[in-house]
Amino acid sequence: MHVQVSKTFTFGLLLGILILLTAIYTTALSLGLPARDWLTTTSGVNLVSAFNNSYPEQAPASGQIVEYSLVAQKNHIQLVNDQEIEMWTYNSQLPGPQMRISLGQTLKINFTNNLPQETTIHFHGVRVPNAMDGVPGVTQAPIKPGETFVYTFTPKDAGTYWYHPHVRGSEQLERGLYGALIVEDPQEPKYSQDIVWMLDDLRTGDDGQVYPYFNTPHDVAHDGRWGNVFMVNGQTDFKQAVRAGDRLRLRIINASNARVYQLDFGELDAIGFAVDGLLASETFSAQGFIVAPGNRLDVDIIIPAISRTRPYYVSDMFTDRSNRLVTLNVLDKLGSAEEFLTPTAKNHPDWSQAMSTPPFHDYRLNAQRRGHMQIQWTMDNQAYPNSAPIELEKNKFYKLRFTNESYRLHPMHIHGQFFKVLARNGQPVSEPYWRDTVLIKRQEVVDIGLVPLDNGNWANHCHILEHAESGMMTTIKVI
Ligand code: C2O
Ligand code: CU
């Protein structure tokens, strides 16, 4: 009798609780509350499975080795306006040699430093073994004048990448040390022309030479060093020859110290399909795309198959005045545009449900006074190397926030990772692509999501090189 009552009571109690929970859940759903979020995303399980091997953990390896020799040294270079100018180059070329390999091949670079300064090479955007990342004091010792170093790695991802020093970047990149690294995927369609445009703006003095004062208090306190001479592939007034009917794959790389470009393709129909290396999950219009220092953009353009005497132009419209970057002259020959679908990525996560996930870390970007005239740039009120590293675990989802407390631009770049922008100023953003560099505008708050796959200590810094040089850098340790 006693037992019987107790059983009924327990059963009734459980049923009551169940009804109550169901009622709360359905009310939550009908109110449009993010019911699934608090049920499943706190552990991050969903967000990790949504990642779904968007890019691989291991490099595909064919066993083939492609070897390059690079020598950094001073040179005299002829700009198109006939002026001889002293630059620092890789192999006497501006930009440095375009290195092209196929996915699966191993790159081996025998590097010699013949500069009057220490240097290193960083392979921007490439997921390399940490020891090959080229960050002095983090992944290797700086390479002294006269010394050599061998960089070797097998890229894990096809796409448009680039290389540059990671020592005194604001001086060494400005003087001309940068080049493209293209990893081709043999599966991707062949374009009539596969073209790299490396954008750079040089600041010259009255004598026409590279203005020799770097990290001036003015540049550091503002948006870095913006130049007065526009160059594409090391040439002023750059001209690109195309045939009517050509289908172009343009790989645009911003190698400038600090200048941000907003692309204006004029009369051309420009389809974006890869950003910062990896393919996008769907194509998008490249008109008006913002290419901050460090960013890359791959564009698919079909030159109309009609004879034409006027050129096409590609310009920059980021500032009030438009700057012409490239003149495309249409040759009197007919090209043949292959018919194929613009390549897109197969897997790409939908992380819209991460909106309600609190950030794992909020980087506060700001500046402090340092002495009388100078300022230093800070992340969480600390200038590098005093900034504290954060630690992330492999194969987990993380949301990180950048809060720009300053009135300056900060294109933030994280080494060894791809990330997705989730929100700007609390508003959801759904870009169909990964990035390794994102421009944070004045007073803006940007949330990103990532699933780290590569172990090591990875730099996280502003790609306005004058900001990075004066403190705006930290590291992320992936374990
Ligand atoms: Cu292109 Cu650490 O950067
Ligand atoms: Cu900055």
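Residues numbered from 1 in each chain as written. Chains lettered and ligands numbered in written order. Predicted model: local features only at pLDDT ≥ 70, side-chain atom pairs only at ≥ 80, totals over all residues. Heavy atoms only, no water.

J.: Can you help me understand the sheet that holds strand β15 (residues 279-285) in this one?
T.: Within a sheet, each strand pairs with its neighbour through backbone hydrogen bonds, oriented either parallel or antiparallel. Taken together, the 6 strands give an open sheet; going across it, the order is β10-β9-β12-β17-β14-β15, and neighbouring strands pair in mixed fashion. Strands at the two margins of the open sheet, each flanked by one partner only, are β10 (229-232) and β15. For this sheet the average axis-to-axis angle between neighbouring strands, irrespective of direction, equals 25 degrees. (Pairing = 2+ DSSP bridges. Helix = DSSP H or I, 4+ residues; strand = E, 2+ residues; numbered from the N terminus. Axes fitted to C-alpha atoms, helices over the stretch in contact; angles between N-to-C directions.)

J.: Just checking my understanding: could you explain the side chain of Arg-249 for this structure?
T.: Looking at where Arg-249 falls in the secondary structure, it is placed in strand β12 (residues 247-254). In this structure Arg-249 comes out as buried when scored by relative accessible area, which is 3%. Polar side-chain contacts of Arg-249 include one of 2.8 Å to the side chain of Asp-298. (Buried < 20%, exposed > 50% of the residue type's maximum accessible area, 1.4 Å probe, protein only. Polar contact = N/O pair within 3.5 Å; in protein donor to acceptor, adjacent residues only side chain to side chain.)

J.: I keep staring at the pattern of salt bridges and nothing clicks. Help me out?
T.: Close approach of charged atoms lets side chains of opposite charge pair. Taken as a whole and assessed by the stated rule, the structure comprises 29 salt bridges. Salt-bridge contacts for Asp-194 lead to Arg-251; the nearest nitrogen and oxygen are separated by 2.8 Å. Highlighted residues: Asp-194 in strand β9 (residues 193-202) and Arg-251 in strand β12, separated in sequence by 57 residues. Note on Asp-194: relative accessible area 32%, which makes it partly exposed. Several salt bridges share partner residues, and in doing so they unite Arg-100, Glu-184, Glu-188, Asp-194, Arg-249, Arg-251 and Asp-298 into one network. (Salt bridge = Lys/Arg side-chain N within 4 Å of Asp/Glu carboxyl O.)

J.: Before we go on, may I ask you to explain the coordination of the copper ion (ligand 2) in this structure?
T.: Each angle at a metal carrying four tetrahedral donors should ideally be 109.5 degrees, and each at a metal carrying six octahedral donors should ideally be 90 or 180 degrees. Note on the copper ion (ligand 2): its protein donors are His-410 (ND1), Cys-462 (SG) and His-467 (ND1). The metal-donor distances range over 2.1 Å. Expressed as a motif, the donor residue spacing for the copper ion (ligand 2) is H-x51-C-x4-H. Placement of the pair is His-410 in strand β24 (residues 410-414) and His-467 in helix α6 (residues 465-469), with a sequence separation of 57 residues. The pair formed by His-410 and His-467 is uniform in burial state, with each residue classed as buried. (Donors = N, O, S within 2.8 Å, 3.2 Å for Na, K, Ca; no water.)

J.: Could you clarify how one ought to interpret the packing of aromatic side chains in this entry?
T.: Applying the stated criterion across every chain, the model contains 20 aromatic pairs. Between Trp-351 and Trp-434, the aromatic rings sit 5.6 Å apart at their centres with planes inclined by 85 degrees, giving edge-to-face as the arrangement. Placement of Trp-351 in the loop between β19 (323-334) and β20 (361-370) and of Trp-434 in the loop between β26 (427-428) and β27 (437-440) is noted, with a sequence separation of 83 residues between them. For Trp-351, a relative accessible area of 3% translates into the label buried. Relative to Tyr-398, the ring of Phe-360 lies with its centre 4.9 Å away and its plane at 75 degrees, an arrangement referred to as edge-to-face. Placement of the pair is Phe-360 in the loop between β19 and β20 and Tyr-398 in strand β23 (residues 398-404), with a sequence separation of 38 residues. (Phe/Tyr/Trp six-rings, centres within 6.5 Å; stacked < 30°, edge-to-face > 60°.)

J.: Before we go on, may I ask you to explain the confidence of the model for the chain in this structure?
T.: It should be kept in mind that the predicted coordinates are not to be read in detail where pLDDT is low. Of the residues in the chain, 90% have a pLDDT of 70 or more, and the chain-wide mean is 91. Averaged pLDDT values for the elements of the chain fall to 36 in helix α2 (residues 35-40) and rise to 99 in strand β7 (residues 159-164). In this model, residues 1-5 is a region of pLDDT below 50 whose contacts with residues beyond four sequence positions or in other chains number 0 contacts. For residues 24-43, every residue scores under 50 in pLDDT, and the model assigns this stretch 16 contacts once sequence neighbours within four places are set aside. (pLDDT = per-residue confidence, 0-100. Contact = heavy atoms within 4.5 Å.)

J.: Any chance you could explain the nonpolar core here in plain terms?
T.: If you look at the biggest cluster of nonpolar residues, it comprises 69 residues, and the most contacted ones within it are Phe-111, Phe-123, Leu-181, Trp-351 and Phe-402. Filtering out sequence-adjacent residues up to four positions away, Trp-351 remains in contact with Leu-47, Ala-50, Phe-51, Phe-397, Lys-420, Leu-422, Trp-434, Gly-449, Leu-450 and Val-451. Core analysis: the second largest hydrophobic core is formed by 33 residues, Trp-197, Phe-238, Ile-252 and Ile-303 among them. (Core = buried A, V, L, I, M, F, W, Y, C linked by side-chain atoms within 4.5 Å.)

J.: What should I look at first to understand unusual backbone geometry in this one?
T.: The peptide bond linking Leu-94 to Pro-95 adopts the cis configuration, its omega dihedral lying at -10 degrees. Here Pro-95 is to be found in the loop between β2 (84-90) and β3 (99-102). A cis amide bond links Tyr-384 with the next residue in sequence, Pro-385, at an omega value of 5 degrees. Locating Pro-385 in the fold gives a position in the loop between β21 (374-379) and β22 (390-392). A positive phi angle is found at Asn-53, which is not glycine, with a value near 50 degrees. Tracing the backbone shows Asn-53 in the loop between α3 (45-51) and β1 (65-78).

J.: Just to check I follow, could you spell out the side chain of His-124 for this structure?
T.: Relative to the elements of secondary structure, His-124 occurs in strand β5 (residues 122-124). Taking relative accessible area as the criterion, His-124 reaches 0% and is therefore assigned buried. Only 3.0 Å separates the side chain of His-124 from the side chain of Asp-436, close enough to count as a polar contact. Here His-463 takes part through its side chain, which lies 3.2 Å from a polar atom of the side chain of His-124. Among all residues touching His-124, those that are not within four sequence positions of it are Tyr-161, Trp-162, His-164, Gly-294, Arg-296, His-413, Asp-436, Thr-437 and His-463.

J.: So what exactly am I meant to see when it comes to the environment of Asp-185 here?
T.: Along the polypeptide, Asp-185 turns up in the loop between β8 (179-184) and β9. Overall, the relative accessible area of 19% leaves Asp-185 in the buried class. Sequence separation between Asp-185 and Gly-159 is 26 residues; the distance between their C-alpha atoms is 7.7 Å.

J.: Can you walk me through the sheet that holds β22 in this structure?
T.: Strand order across the open sheet formed by 5 strands is β22-β30-β29-β24-β27, with mixed pairing between neighbours. Across the chains shown, the open sheet's two edge strands, defined by having one partner strand only, are β22 and β27. Averaged over all neighbouring strand pairs, the angle between strand axes comes to 25 degrees, with direction disregarded. Summarising the sheet, β22 and strand β30 (residues 473-478) pair through 3 bridges and their orientation is parallel. Looking at the pairing, Leu-392 lines up with Val-478 of β30.

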